[in-house]
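The primary structure of each chain is shown beneath.
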Amino acid sequence: MSKKDTSTTLLATNRRLRHDYAIIDTLECGIELYGGEVKSIRSALLNFADSYVQIRQGEMYIMNMHIAPYRFASSQDASNPLRPRRLLAHSQEIARLHRRVREKGLTLVPLDFHTRRALIKVTVALCRGKQQHDKREDIKTRDTVREMQREATQR
């Protein structure tokens, strides 16, 4: 019996998210897709820069995510590229995130899309928006760390 393949392949990531939000917690979820949508995501034909996750009736949905229709798909089941897509997670995890989202200033957003054992997964991040001074502080910290590394390599 062979080992299970646990390798992951990053398909798409939201790099701007780490700049605009402070990430508090993350959760890996499955996503309910139609056949052509899977092919489009694997081809990186998606845009989730302005998307967010909403919890309704004990289920999580990713909203405002655009997946381009796969042009070779035989059926047009997913004719609406902006339709809400259900995220698959345990009910206890959904309930825990729902309690935390009700706190002031917290939101759920998709962080990245990747494959795990040939399945497409979404990393959902529980975030708090950063203020302008927080962003400046992060940039200042990053610059000082770079300077220290630069000086250490010159010695």
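Here the structure is shown first, and the text comes after it.
Rules and cut-offs
- Residues numbered from 1 in each chain as written.
- Predicted model: local features only at pLDDT ≥ 70, side-chain atom pairs only at ≥ 80, totals over all residues.
- Heavy atoms only, no water.
- Helix = DSSP H or I, 4+ residues; strand = E, 2+ residues; numbered from the N terminus.
- Buried < 20%, exposed > 50% of the residue type's maximum accessible area, 1.4 Å probe, protein only.
- Lys, Arg positive; Asp, Glu negative; His and termini not counted.
- Salt bridge = Lys/Arg side-chain N within 4 Å of Asp/Glu carboxyl O.
- Polar contact = N/O pair within 3.5 Å; in protein donor to acceptor, adjacent residues only side chain to side chain.
- Contact = heavy atoms within 4.5 Å.
- Pairing = 2+ DSSP bridges.

The topology assignment puts D112 in strand β8 (residues 106-116). Although D112 is buried, it forms no salt bridge, and the closest oppositely charged side chain is R18 at an N-O distance of 5.9 Å. A polar contact is formed between the side chain of D112 and the side chain of H114, at a distance of 3.2 Å. Side chain to side chain, D112 and T123 meet in a polar contact 2.8 Å long. Apart from the residues within four sequence positions on either side, D112 is in contact with L10, A12, T13, F48, K121, V122 and T123.

Glancing now at the pairing of strand β7 (residues 85-88). For a regular strand, side-chain orientation follows a simple rule: the groups alternate between the two sheet faces. Because side chains alternate across β7, one face comprises the buried residues R85 and L87, and the other comprises R86 and L88, none of which is buried. Pairing of strand β2 (residues 21-31) with β7, which is carried by two bridges, proceeds in the antiparallel orientation. Counterpart to I31 in the pairing with β7 is L87. Relative to β7, strand β5 (residues 59-63) runs antiparallel, the two being bridged by three bridges. Each residue of the ladder has a partner; that of M60, found in β7, is L87.

Right, let's get into the pattern of salt bridges. In the structure shown here, the tally under the stated rule is 10 salt bridges. For R96, the salt bridge is made with D25, and the minimal N-O distance between the two is 2.8 Å. With R96 in helix α3 (residues 91-101) and D25 in strand β2, this residue pair connects regions lying 71 residues apart in the sequence. Overall, the relative accessible area of 22% leaves D25 in the partly exposed class. The closest approach of N and O atoms between E37 and R83, which form a salt bridge, is 2.8 Å. Here R83 lies in the loop between β6 (66-67) and β7 and E37 lies in helix α2 (residues 35-42), a separation of 46 residues in the sequence. Across this residue pair, the class does not change: E37 and R83 are buried. Among the charged side chains, a salt-bridge network with shared partners connects D25, R96 and R100.

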